[in-house]
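Observations on the model geometry
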Amino acid sequence: MKFPVSLLSLPLRAAADIRARRFLRKDPLDSQRELLPRLLQRAAATRFGREHGFSALAALPFEACYHRFQRQVPIRTYRQFWDDWLAAALTTTPQGQQLRLQDQCWPGLVPWLCETSGTTAPTKYIPFTVEMFRMNQRAALDMLCCYLAAEPGSRITGGKILYMAGSTRLKQMGQGVLAGDMSAITLQQRPAWLNPFVEPQEPLTSAPWDERLDGMARLLLADRKIRVISGVPPWILLLLKQVEALAGCPLHEALPNLELIIHGGTSMAPYAAEYQRLLPAGGPRFLELLPSSEAFMGFQVHGEAAMRLTPFYGAFFEFVPLEQLDETGAPLPDAQAVPLAGVTVGQRYAVILSTCSGLWRYHIGDTLRFLDRERFQIEFTGRDKFLDRFEEKVTQAEVEQAIAALNRQYDGLVREFMVGADIAGRCHHWVLACRGNGLESGQTSRLLDGLLRNSNADYDTFRQQGRINSPSVLLVSEQQIYDWSATVRGKLGGQSKIPHIDPTLTGELVKSLSGYVCNNSFQSFASL
């Protein structure tokens, strides 16, 4: 016997209310105090745990446990963690590379490896365990339950979600081990009962990006039960533009049932003007979350202005002030990490994680700023890379704020961008991918220069002293930057992002982009 969706949704709403209340009662500090000893005890018998004395640490009161944990386990970057603990497990066979992590840093065999979308380094393999998969599921469910509890009229319980994941193709890295995009792992391992509620399905999920984008746009127009879109801001924006082009009418008419957009992975600020143009007031609601291949870190409770740090999902958090990072963005050898209880409102921190995937005091490369200590609301401030080749220390947040201001003035013309150092020219080189020709490079250079001088005192001083010249600007079409990313980086769509700041020492990435445009005889909108 089938029941109407409206009747089936009643117990779901009741359950969501209960779960939301439970989440809102949780104490972040208590949760962290309880979590660290549990993680240590769970990994005590592993090679890493034996070498670092986890069994003895786990038996101590939290304060003593944490202080000894700090002394006995150094903070490591990915490269350091790989060299010290993962590289020895990598073998090459006739079938290709294999990476089997068995009782190394976490008990048992690690069944999945998240391939991250690193900008210039070879592929990174981040361990992803069954425990972490379950924690991510729990976090996503808590976020949706908080939304449903705050929106009694919501219709998403009777609809579907369109999840803009990376390609669902996973590769074998040994018996019982698969590697691929984290979002693809999540999709492939979801419980079977969720399948009717998640789009797209195969074969679209494993199609090339251009086909997938067009297919998802057509799916949105054809299936009015899709009420939620989840993905990275620039790719959601491309999807909505494609829908608008196919429909030939405004989005609110083309997608009248779209209720919620869940976004994360990069700042929304540079794209805000374009979203406002496409979706005026009264359209779908927005929720931000802060996922990563290493752990789920935060989400926005519906009705609140900012995300909350969510330290309940298998990750123990530490934080290093931005000032204690070296010129590569890594923590200095004497960097002083603090636990959640020691954070200061307004300070920008690099995030250090110890997780139920076997990462220990791992520097993940993301930064955030705390907005309060009552709810531990946070602002994602980007990667810990910054423009510093001339010692100017311009942060990614300041760069993105400058683009956001430019887009407010010019109606969202800049769709994507990258900025890096031009060492020979002693300046910043910006490549702006635009959806039209309403900008002129010289004027844009002056605007960006002024915005950065107003937001960063060091940059302003260096400009006054002539230590940095005014920025150069190359204006290209939005398609060009996507073509470059697909052709040169081999990364486009899903969870892959255009790096907004070139992390290389001498600006190789932004040079590659500029050279690609010139070598393929594209015409920029304006010459330098």
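See the structure printed just above.
Computed from a predicted structure; not experimentally measured.

It is worth spelling out the overall build of the protein at this point. A count of helical and extended segments in the protein gives 17 helices and 23 strands. In summary, the protein has a C-alpha radius of gyration of 23 Å against a globular reference of 24 Å for 528 residues, a match within 12%. Across the 528 residues that make up the protein, the buried fraction comes to 56%. Summarising the internal contacts of the protein: among those between residues at least 6 apart in sequence, 67% fall at separations of at least 24. Of the roughly 22,000 Å² that the protein leaves accessible, carbon and sulfur atoms contribute 52%. Put simply, the protein has 55 plus and 53 minus side-chain charges, and the middle of one group is 5 Å from the middle of the other.

Take the layout of surface pockets next. Approximately 1,500 Å³ is the volume found for the largest pocket. Residue assignment for the lining of the largest pocket shows that the elements contributing at least two residues are helix H1 (5-25), helix H7 (130-150), strand S5 (160-163), helix H8 (182-188), strand S9 (226-231) and strand S10 (260-264). Broken down by element, the lining of the largest pocket gets its largest block of residues, 8 residues, from H7. Its residues assigned to classes, the lining of the largest pocket shows 28 nonpolar, 14 polar and 4 charged.

Next up on the list: the nonpolar core. In this structure, Leu40, Phe54, Phe69, Leu309, Phe319, Trp360 and Phe370 are the most contacted members of the largest nonpolar core, which totals 85 residues. Filtering out sequence-adjacent residues up to four positions away, phenylalanine 370 remains in contact with Leu309, Phe319, Leu340, Val343, Thr344, Val345, Gly346, Gln347, Tyr349, Phe376, Gln377 and Ile378.

Quick look at the pattern of salt bridges now. For the structure shown, the criterion picks out 24 salt bridges. Notably, a salt bridge pairs lysine 171 with glutamate 115, separated by 3.0 Å at the nearest N-O pair. Taken together, the residues span a long stretch of sequence, with lysine 171 in strand S6 (residues 171-172) and glutamate 115 in strand S3 (residues 112-115) at a distance of 56 residues. Since its relative accessible area comes to 37%, lysine 171 is described here as partly exposed. Note on glutamate 115: relative accessible area 22%, which makes it partly exposed. A network of salt bridges, in which partner residues are shared, links Lys241, Glu244, Glu274, Arg277, Asp411, Arg415, Arg435 and Glu478.

Within the secondary structure, glutamate 416 sits in strand S21 (residues 414-422). In this structure glutamate 416 is buried but unpaired, with arginine 415 as the nearest side chain of opposite charge at 8.1 Å. Engagement of the side chain of glutamate 416 in a polar contact is seen with the side chain of histidine 500, the distance being 3.2 Å. In this view, glutamate 416 contacts Pro234, Tyr271, Val431, Leu432, Ala433, Ile481, Tyr482, Ile498 and His500; residues no more than four positions away in its chain are not counted.

The next subject is the sheet that holds strand S14 (residues 315-321). With mixed pairing, 12 strands are arranged side by side in an open sheet as S8-S5-S9-S10-S11-S12-S13-S18-S17-S16-S14-S15. Only two strands of the sheet have a single partner each, and these edge strands are strand S8 (198-199) and strand S15 (338-339). With 2 bridges connecting them, strand S13 (residues 307-309) and strand S18 (residues 377-383) associate as antiparallel partners. Residue arginine 308 lies in a different strand from S18, and its bridge partner there is glutamine 377. Across the face of the sheet, helix H2 (residues 28-42) comes into contact with S14 and strand S16 (348-355) while running at roughly 110° to S14.

Applying the stated criterion across every chain, the model contains 28 aromatic pairs. An angle of 50° between the planes, with centres 5.4 Å apart, marks the rings of tryptophan 235 and tyrosine 482 as tilted. Taken together, the residues span a long stretch of sequence, with tryptophan 235 in helix H10 (residues 233-247) and tyrosine 482 in helix H16 (residues 478-489) at a distance of 247 residues. Tryptophan 235 sits in the buried class, given a relative accessible area of 1%. Since its relative accessible area comes to 5%, tyrosine 482 is described here as buried. Here the aromatic rings of phenylalanine 317 and phenylalanine 319 are separated by 6.1 Å at their centres, their planes lie at 10°, and the arrangement is stacked. Like phenylalanine 319, phenylalanine 317 is buried. Linked through ring pairs, Phe48, Phe54, Phe69, Phe81, Trp85, Trp106, Trp360 and Tyr362 together constitute an aromatic cluster. Its end group placed over the ring of phenylalanine 462, arginine 467 keeps NZ or CZ at 3.6 Å from the ring centre.

Criteria and cut-off values
- Residues numbered from 1 in each chain as written.
- Predicted model: local features only at pLDDT ≥ 70, side-chain atom pairs only at ≥ 80, totals over all residues.
- Heavy atoms only, no water.
- Helix = DSSP H or I, 4+ residues; strand = E, 2+ residues; numbered from the N terminus.
- Rg over C-alpha atoms; globule rule 2.2 N^0.38 Å.
- Buried < 20%, exposed > 50% of the residue type's maximum accessible area, 1.4 Å probe, protein only.
- Contact = heavy atoms within 4.5 Å.
- Areas by Shrake-Rupley, 256 points an atom, 1.4 Å probe, with all protein chains shown as cover.
- Lys, Arg positive; Asp, Glu negative; His and termini not counted.
- Charge placed at Lys NZ, Arg CZ, Asp CG, Glu CD.
- 1 Å grid on protein atoms, 1.4 Å probe; cavity = no way out; pocket = protein on both sides within 12 Å on 5 of 7 lines; lining within 4 Å.
- Points joined across faces, edges and corners; volume = space filled by probe spheres on them.
- Nonpolar A, V, L, I, M, F, W, Y, C, P; charged D, E, K, R; others polar.
- Core = buried A, V, L, I, M, F, W, Y, C linked by side-chain atoms within 4.5 Å.
- Salt bridge = Lys/Arg side-chain N within 4 Å of Asp/Glu carboxyl O.
- Polar contact = N/O pair within 3.5 Å; in protein donor to acceptor, adjacent residues only side chain to side chain.
- Pairing = 2+ DSSP bridges.
- Axes fitted to C-alpha atoms, helices over the stretch in contact; angles between N-to-C directions.
- Phe/Tyr/Trp six-rings, centres within 6.5 Å; stacked < 30°, edge-to-face > 60°.
- Lys NZ or Arg CZ within 6 Å of the ring centre and 35° of its normal.

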